[in-house]
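Chain residues, written in single-letter form:
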Amino acid sequence: MAEQYRDCLVCGKSFKVCNICQKDIDEMFQWRRIVCCPEHFSYHMPIIQYSRGKLDKDTACNELKSAINTYGNIEFCDNVKGIVNEILSENNVQ
């Protein structure tokens, strides 16, 4: 099977996708298929769950801040910068 590469959904870095990860499980739950490292999976989960309407803004903000406090600030890729800024913004639109 040919090696497959993708851009990390969090930082944009190219990485080798795991070809042996289970195909019957949603990619959202398999870090080796969507992000470059397990640390970035901690950033990815609140971002994707918020964007899919599974988390409210406050919960997503707390989870994202927890990842930032644990692993540090990172440069998010252009595709998620807007969502990250929305999650971390101080004004709560209700």
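Above this text sits the structure in question.
The structure displayed is predicted, hence computed values, not measured ones. (Residues numbered from 1 in each chain as written. Predicted model: local features only at pLDDT ≥ 70, side-chain atom pairs only at ≥ 80, totals over all residues. Heavy atoms only, no water.)

Caption draft 1: Just the nonpolar core, in detail. Of all hydrophobic cores here, the largest spans 24 residues; its most connected members are Tyr43, Ile47, Leu64, Phe76 and Ile87. If you list the elements that add at least two residues to this core, you get helix H2 (38–51), helix H3 (57–71) and helix H4 (78–88). If we ignore the near neighbours within four places in the chain, the residues touching Ile87 are Pro46, Ile47, Tyr50, Lys57, Ala60, Cys61 and Leu64. (Core = buried A, V, L, I, M, F, W, Y, C linked by side-chain atoms within 4.5 Å. Buried < 20%, exposed > 50% of the residue type's maximum accessible area, 1.4 Å probe, protein only. Helix = DSSP H or I, 4+ residues; strand = E, 2+ residues; numbered from the N terminus. Contact = heavy atoms within 4.5 Å.)

Caption draft 2: Examining the state of the cysteines more closely. Under the criterion given, the structure shown has zero disulfides. Left unpaired, Cys77 is separated from the closest cysteine sulfur, that of Cys8, by 6.9 Å. Cys77 gets classed as buried once you look at its relative accessible area, which sits at 11%. (Disulfide = S-S within 2.5 Å.)

Caption draft 3: Region of the structure containing H2. Here H2 is 14 residues long and its end C-alpha atoms lie 20 Å apart, about the 20 Å a rise of 1.5 Å per residue gives. A bend of about 30° at His44 is the largest found in H2, and the proline Pro46 appears one to four places after it. For H2, a buried count of 10 out of 14 residues is recorded, marking the element as mostly surrounded by other parts of the structure. All buried positions along H2 are accounted for by His40, Phe41, Tyr43, His44, Met45, Pro46, Ile47, Ile48, Gln49 and Tyr50. On its buried face, H2 sits against helix H1 (31–34), H3 and H4. (Expected span 1.5 Å × (residues − 1). Bend = angle between axes of the 7 residues up to and from the residue.)

Caption draft 4: Molecular detail of the packing of aromatic side chains. Scanning the entire structure with this criterion turns up two aromatic pairs. Measuring from centroid to centroid gives 6.4 Å for Tyr43 and Tyr71, while their planes differ by 50°, and the two rings are tilted. One end of the pair, Tyr43, is in helix H2; the other, Tyr71, is in helix H3, with 28 residues separating them in the sequence. A relative accessible area of 43% places Tyr71 in the partly exposed class. When the ring of Tyr43 is compared with that of Phe76, the centres are 5.8 Å apart and the planes differ by 80°; the resulting orientation is edge-to-face. Remark: Phe76 occurs in the loop between H3 and H4 and Tyr43 occurs in helix H2; sequence separation between them is 33 residues. As far as burial versus exposure is concerned, Tyr43 and Phe76 are alike and both buried. One aromatic cluster in this structure is built from Tyr43, Tyr71 and Phe76. (Phe/Tyr/Trp six-rings, centres within 6.5 Å; stacked < 30°, edge-to-face > 60°.)

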